[in-house]
Amino acid sequence: MLETAISFIQGAWTSVVEILIITAVLYYTYLYLRGTHGARILIGLALVFLTLTLVSQLLNLIVIGWILRSLSVFLALALVVIFQPELRRALTDLGSHPFFTSAFEKRETIEEITDTVFELASKGFGALIAVEREIALKPFVETGVKIDADYSKELILTIFHPKTVLHDGGVVIRNDRIVAAACIFPLTQREDLDRNLGLRHRAALGLSEESDAVAIVVSEETGQVSICHSSVIERNLKVDGFRRLLSQLLFHDDTEKNAPEQLEAKDRVPPARDGSVVSRQTERPEKPFSI
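Residues numbered from 1 in each chain as written. Predicted model: local features only at pLDDT ≥ 70, side-chain atom pairs only at ≥ 80, totals over all residues. Heavy atoms only, no water.

The subject of this paragraph is the environment of Val 145. Checked against the element boundaries, Val 145 lands in strand E2 (residues 145–150). Separated by 36 residues in the primary sequence, Val 145 and Ala 181 place their C-alpha atoms 5.3 Å from one another. Discounting residues that sit within four places of it in the chain, Val 145 has contacts with Leu 166, Val 179, Ala 180 and Ala 181. (Helix = DSSP H or I, 4+ residues; strand = E, 2+ residues; numbered from the N terminus. Contact = heavy atoms within 4.5 Å.)

Pasting the structure below:
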């Protein structure tokens, strides 16, 4: 009996693995295509194809069965054409995964974000940007306006221009794409912070308390640049310090970790502890905005 069971398992384990792989592929394909226009087309084609196949098998309709088998190749090509946008986006997401990202591409991403942030600061535009890491920011994305566009400095500058509708709230970035704007982030409830911290800083700190996202803040009043991460706020960052810290946080790049902090005036507000924390760098309150 035991030998029979062992021989059956040895002969059937490949089939079990194949079934699990196919099930996983179909499941994640469904999750990825759910809610898209192509998904409705796919469901319609599948229903028609399965219905005709079942009818031809039950009624032994030889001609219809031959037509369906002949059209299967053309149906596969049609699906590629129909789902071209979804396939392109899936391949883009796969290629932008950190596992496949080269060191050059990482440096390029850091440089793009750095240039954008300090141009916002030079123009006096207040900004709040959240870079998603391991923990998904979907609940906060749903509070804003979905964009789903390639990251570009021009688009970020347009979003945070004071005269645009979307400049209030935060922008969420995921895999080098701008996912949404005007998102509402949770405000920190800490009472030991500098009273001059504006709502953007408190929202960024609150987001870092509830997720592992890296939140970047540009003060509208002073032009100071800050980064919030792991319930810590790093204030008054200069270009080199910002680039170095962002590289360490996003890509765990420690190559410049011990570099000298020359001409760097940075204030660090640690996580909440007993006693008040007062920043050395005073800052005027930012203008209220809906977040």
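This part takes up the pairing of strand E5 (residues 214–218). Most of E5 sits inside the fold, with five of its five residues counted as buried. Here E5 shows a buried face lined by Val 214, Ile 216 and Val 218 and a second buried face lined by Ala 215 and Val 217. Note that E5 and strand E6 (residues 225–229) share four bridges and pair antiparallel. Paired with Ala 215 across the bridge in E6 is Cys 228. Linking two consecutive strands that pair antiparallel, namely E5 and E6, is a turn of six residues; a positive phi of about 75° is found at Gly 223 within it. (Buried < 20%, exposed > 50% of the residue type's maximum accessible area, 1.4 Å probe, protein only. Pairing = 2+ DSSP bridges.)

The next thing to look at is helix H8 (residues 199–210). Taking 1.5 Å as the rise per residue, H8 with twelve residues should run 16 Å; its terminal C-alpha atoms sit 16 Å apart, in good agreement. The element H8 is extensively covered by neighbouring structure, given that nine of its twelve residues are classed as buried. Where H8 is concerned, the buried positions are Arg 200, His 201, Arg 202, Ala 203, Ala 204, Leu 205, Gly 206, Leu 207 and Ser 208. Where the residues of H8 are buried, they touch strand E1 (127–131), helix H6 (138–141), E5, E6 and strand E7 (232–235). (Expected span 1.5 Å × (residues − 1).)

None of the figures reported here should be taken as evidence of function without further support.
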